Amino acid sequence: MTKPDNPNKTRFGFETRMIHAGAAPEPVTGARQTPIYQNTSYVFHDADHAASLFNLQSFGFIYSRLANPTVAVLEERLASLENGRGATCCASGHAAQILTFFAFMEPGDEFVASNKLYGGSLTQFGKTFKKFDWHAHLVDTDDLAAVRAAITPKCKALFVESLANPGGVVSDLEPLAEIAHQAGLVFIVDNTLATPYLCQPFDWGADLIVHSTTKFLSGNGTSMGGAVIDSGTFDWGQNDKFGGLTAPEPAYHGLTFYETFGDLAFTTLSHMVGLRDLGATMAPMNAFQTLLGIETLSLRMERHCANAQDVAEFLAGHELVAWVSYAGLESDPYHGRAQKYLGGRAGSVFTFGVNGVTGGYEMGMRVVESCELFSHLANVGDARSLILHPASTIHRQLTDEQRDTAGAGPDVVRLSIGLETLDDLLADLDQALHRAAAEGDKAAE
Amino acid sequence: MSETPNGGELAYSDSQLRAILRSVRTIAMVGISPRWNRPSFFAMKYLQTKGYRVVPVNPGAAGQAILGETCYAALREVPGGIDMVDVFRDAEAAGAVVDEAIALRHDKGIQVVWMQLGIRNDAAAARATAAGLTVIMDRCPKIEYGRLHAELSWGGFNSRIISSRRRRAQIL
Ligand SMILES: Cc1ncc(COP(=O)(O)O)c(C=O)c1O
């Protein structure tokens, strides 16, 4: 059962909101495209106006570390596309994760997260968060009993990726939301690889959505960025876990965010406390580039997914390929969930393993190095097709066991399928596989 | 945060809210707190900067000045006209405030009863509507004003407003 009557929904369709949400013509000049407000600070009318802004009594801009008009357009656009109440943009996807947890985590607090996350998130949660005395319990979130068992009294949140990078895992959002809510936890979904075009996590019970806007949203590999979007429906006052929102805030003279701002509380706090003190602000130019990217999100995602489907089918039938993990394939264990949660499209990031006489690790690296069209780099969600050997790169910091559970074992090659001509992509992978196999045979002789 | 709704979803069109906020000038705010860090104080201060006259009503603060306006113990003690009554009391107490507004509607010229975000009293709303008043429930006039004038968007919020029209620039 999906949540009925989300009050943040409008009568406008997704594609209309991709282009228009947040971006009415600029009233002073009539500029139609969103202006880049490349400035740090904003003039007050008088001392009383300044005071009411600093006291959070009026809407308005003070200093671009907190809020900026160009970034605000992107925030409203993302809030609209996810059908949330508000959004806070920041410097990167990783910054968005810190900003999100910072709103309610105290030293000693814990949360439960999937063990099949983007490797950088596993490292952030497992290593850096420990320095804040925040503790992640990483579990297989396909095992609902294990998720329930991992929840301790100190746990405040459950975190998963809707479509996980790189393993192609589609999370079962609906029962996970139920488990989180039964335990009074906030349910956070990283919707980076699915994008709001494929997946609407708030419809399935998510409370907060995080994004690396660096990927499909900006879409051209130009701009780092992140965002956290609030549904506005989580009751922060239901238990005593969320003092960050429900306890008086000394820096604002004892104001209580949840009581004062209601469903605006999380987003207000993320700007006026989170960005104020963590300082990981998104640059206006990056917000502008990301807004341009989002204008074509649906068109690009259709092509990304169509190309990815064909590449995955080609590889699944290739003599030199051992396995393909892509939820778009009917044989894939996540195929059913892709129908339910992703509208039957499985995104464009997936993994495969290479057959070979020598070890998978060397074969994987050789395939990557043999490509002429796929770019060997550490990103996903670009217009260009990308290839990477996670075990030797982005998942290097992890243990062998963590790598295997995250779907990044030694033989794994990750693809991010771009928008190029399909035949050219197939030809490049075919020649790379044959070249790698020939080199492998030579090495074995 | 909201009381258990007695009826279905409340839906007010943007044009209805815009018309109310455009037509009223004097707002009696019942249940306002004289403490500067309370939500009602925020709302009063904001609405004042938008050109509304806000008259505070709270028996506990009667006789005090709040943001330059004398606070009264009850609606009937407010001198002069009132266009809108903004109710900052819980759903149960809101019933009596609404009945007072109904009783005073001709004397004071009251047109609108507005119950704050989180407050809904369907029985009181039905009485007020039957008496010819316009009723809004479970909304905040500050947030709605900000939303309809693109200020809420500055905070990264979803205004749900899509428009290709150029607004008249307002220098506030
Ligand atoms: C699913 C996912 N989440 C978060 C991140 C981190 O985002 P960023 O690189 O923008 O910090 C990434 C980046 O690869 C990602 O793929």
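About the cut-offs
Residues numbered from 1 in each chain as written. Chains lettered and ligands numbered in written order. Predicted model: local features only at pLDDT ≥ 70, side-chain atom pairs only at ≥ 80, totals over all residues. Heavy atoms only, no water. Phe/Tyr/Trp six-rings, centres within 6.5 Å; stacked < 30°, edge-to-face > 60°. Helix = DSSP H or I, 4+ residues; strand = E, 2+ residues; numbered from the N terminus. Buried < 20%, exposed > 50% of the residue type's maximum accessible area, 1.4 Å probe, protein only. Lys NZ or Arg CZ within 6 Å of the ring centre and 35° of its normal. Contact = heavy atoms within 4.5 Å. Salt bridge = Lys/Arg side-chain N within 4 Å of Asp/Glu carboxyl O. Polar contact = N/O pair within 3.5 Å; in protein donor to acceptor, adjacent residues only side chain to side chain. Near = heavy atom within 4 Å. 1 Å grid on protein atoms, 1.4 Å probe; cavity = no way out; pocket = protein on both sides within 12 Å on 5 of 7 lines; lining within 4 Å. Sits in = over half its atoms within 2 Å of the grid points. Nonpolar A, V, L, I, M, F, W, Y, C, P; charged D, E, K, R; others polar. Arc of directions from axis to C-beta. Core = buried A, V, L, I, M, F, W, Y, C linked by side-chain atoms within 4.5 Å. Pairing = 2+ DSSP bridges. Axes fitted to C-alpha atoms, helices over the stretch in contact; angles between N-to-C directions. Parallel < 35°, antiparallel > 145°, perpendicular 65-115°, else oblique. Left-handed = near helix turned anticlockwise from the far one by under 90°.

Enquirer: Honestly, the packing of aromatic side chains in this entry has me stumped. Any pointers?
Expert: The relation between two aromatic rings is expressed through the spacing of the ring centres and the mutual angle of the planes. Going through the model one piece at a time under the given rule, you end up with 30 aromatic pairs over all chains. With a centroid separation of 4.2 Å and an interplanar angle of 35°, the aromatic rings of Phe101(A) and Phe111(A) are classed as tilted. Of this pair, Phe101(A) sits in helix α4 (residues 93-102) while Phe111(A) sits in strand β2 (residues 110-114), and the two are 10 residues apart along the sequence. Across the pair, exposure class does not vary: Phe101(A) and Phe111(A) are buried alike. When the ring of Phe125(A) is compared with that of Phe129(A), the centres are 5.1 Å apart and the planes differ by 40°; the resulting orientation is tilted. On the criterion of helical spacing, the pair formed by Phe125(A) and Phe129(A) is a turn pair, its members being 4 residues apart in helix α5 (residues 119-131). You can call Phe129(A) buried: its relative accessible area is 0%. In textbook terms, an aromatic cluster arises when at least three aromatic residues are bridged by ring pairs, as seen for Phe101(A), Phe104(A), Phe111(A), Phe125(A), Phe129(A), Phe132(A), Trp134(A), Phe159(A), Phe234(A), Trp236(A), Phe242(A) and Phe266(A). Just above the ring of Phe59(A) sits the side chain of Lys142(B); from NZ or CZ to the centre is 5.3 Å.

Enquirer: Would you take a moment to explain the interface of chain B and chain A for this structure?
Expert: Much of the literature gives interface size as the accessible area that the parts lose upon coming together. Residue-level contacts link 31 residues of chain B with 51 residues of chain A. Summed over the shared surface of chain B and chain A, the result is 2 salt bridges. Ionic pairing is found between Arg38(B) and Glu259(A), a salt bridge with its closest N-O pair at 2.6 Å. Applying the counting rule to chain B against chain A returns 12 residue pairs in polar contact (both at pLDDT 80 or more). Those elements giving two or more residues to the side of chain B that touches chain A turn out to be α2 (39-49) and α6 (141-148) of chain B. Examining the composition of the side of chain B that touches chain A, we find that 5 residues originate from one element, α2(B), more than from any other.

Enquirer: For this particular structure, what's the right way to read the site of the ligand?
Expert: Residues and elements named next belong to chain A. In the vicinity of the ligand there are 14 residues, among which Gly 93, Asp 190, Ser 212, Thr 214 and Lys 215 approach most closely. Within the contact set of the ligand, an oxygen atom lies 2.7 Å away from a side-chain nitrogen or oxygen of Ser 212. Using a 2 Å cut-off from the grid points, one finds that the ligand occupies the second largest pocket. Take the shell around the ligand: its biggest share by element is 3 residues, from α4. A per-class count over the shell around the ligand returns 2 nonpolar, 9 polar and 3 charged.

Enquirer: When you look at helix α1 (residues 14-23) of chain B in this model, what are you seeing that I'm missing?
Expert: Every α-helical turn comprises 3.6 residues, leaving residues that sit three or four positions apart pointing alike. Residue and element names in this part refer to chain B. Considered for burial, the residues of α1 that qualify are Leu 17, Ile 20 and Leu 21. All buried residues of α1 project into a common sector of 95° when viewed along the axis, lining one side. Summarising the geometry of α1, the exposed residues directed more than 90 degrees from the buried face are Ser 15, Arg 22 and Ser 23. In this structure, the buried side of α1 is in contact with β5 (84-87), β6 (112-115), β7 (134-136) and α6.

Enquirer: In this structure, what is going on with the nonpolar core? I would like to understand it.
Expert: Soluble, globular proteins show a tendency: their nonpolar side chains are buried together. Counting 102 residues, the largest nonpolar core has Phe101(A), Phe104(A), Trp236(A), Phe257(A), Leu75(B), Val85(B) and Met115(B) as its most contacted members. Those residues within four positions of Met115(B) in sequence are excluded, and the remaining contacts are Val87(B), Ala94(B), Val98(B), Asn121(B), Ala125(B), Val135(B), Ile136(B), Met137(B), Asp138(B) and Arg139(B).

Enquirer: Teacher, can you tell me more about the sheet that holds strand β3 (residues 135-139) of chain A here?
Expert: Across a sheet, paired strands are connected by hydrogen bonds in the backbone, their directions being either parallel or antiparallel. Residues and elements named next belong to chain A. The 7 strands lie next to each other as β1-β7-β6-β5-β4-β2-β3, forming an open sheet whose pairing is mixed. Strands with a single pairing partner mark the edges of an open sheet, and in this sheet they are β1 (86-90) and β3. Between one strand and the next, the sheet's axes are offset by a mean angle of 20°, whatever the strand orientation. Across 3 bridges, β2 lies against strand β4 (residues 155-161) in parallel orientation. Across the sheet, Ala 113 pairs through a bridge with Phe 159, a residue of β4. Against the sheet, α4 touches β1, β2, β4, β5 (186-190), β6 (208-212) and β7 (226-230), its axis set at about 155° to β6. Its contacts with the sheet place α5 against β2, β3 and β4, and it is angled at close to 160° to β2.

Enquirer: Quick question: what am I supposed to make of the side chain of Arg147(B) here?
Expert: Residue and element names in this part refer to chain B. Topologically, Arg 147 is positioned in helix α6. Judged by its relative accessible area of 2%, Arg 147 is buried. Of note is the side chain of Arg 147, whose polar atom sits 2.9 Å from the side chain of Glu 144. Not counting residues up to four positions away in its chain, the partners in contact with Arg 147 are Asp 14, Leu 17, Leu 152, Ser 159, Arg 160 and Ile 161.

Enquirer: Help me out: how do you make sense of the packing of α4(A) against helix α11 (residues 265-278) of chain A in this one?
Expert: Residues and elements named next belong to chain A. Direction vectors running N to C along α4 and α11 enclose 115°, while the axes themselves pass 10 Å from each other. Put simply, α4 runs roughly perpendicular to α11. Judged by the sense of rotation from one axis to the other, the crossing of α4 with α11 is right-handed. Between α4 and α11, the residues in contact are Ile 98, Leu 99, Thr 100 and Phe 102 and Phe 266, Ser 270, Val 273, Gly 274, Leu 275 and Leu 278, respectively. Split by residue class, the contact of α4 with α11 holds 7 nonpolar, 3 polar and no charged.

Enquirer: Any chance you could explain the side chain of Asn115(A) here in plain terms?
Expert: Mapped onto the fold, Asn115(A) is located in the loop between β2 and α5. Residue Asn115(A) is classed as buried on the basis of its relative accessible area, which comes to 13%.

Enquirer: Before we go on, may I ask you to explain the packing of helix α15 (residues 360-370) of chain A against helix α17 (residues 422-444) of chain A in this structure?
Expert: How two helices sit against one another is set out by the angle between their axes and by the gap between those axes. Residues and elements named next belong to chain A. Relative orientation of the contacting elements α15 and α17 amounts to 130°, with a least axis distance of 8 Å. Regarding the angle of α15 to α17, the classification is oblique. Pair α15 / α17 crosses with right-handed handedness. Counting all contacts with α15, which are made through Met 363, Arg 366, Val 367 and Ser 370, the residues of α17 involved are Gln 431, Ala 432, Leu 433, Arg 435, Ala 436, Ala 437, Glu 439, Gly 440 and Ala 443. Looking at side-chain class alone, the contact of α15 with α17 contains 7 nonpolar, 3 polar and 3 charged residues.

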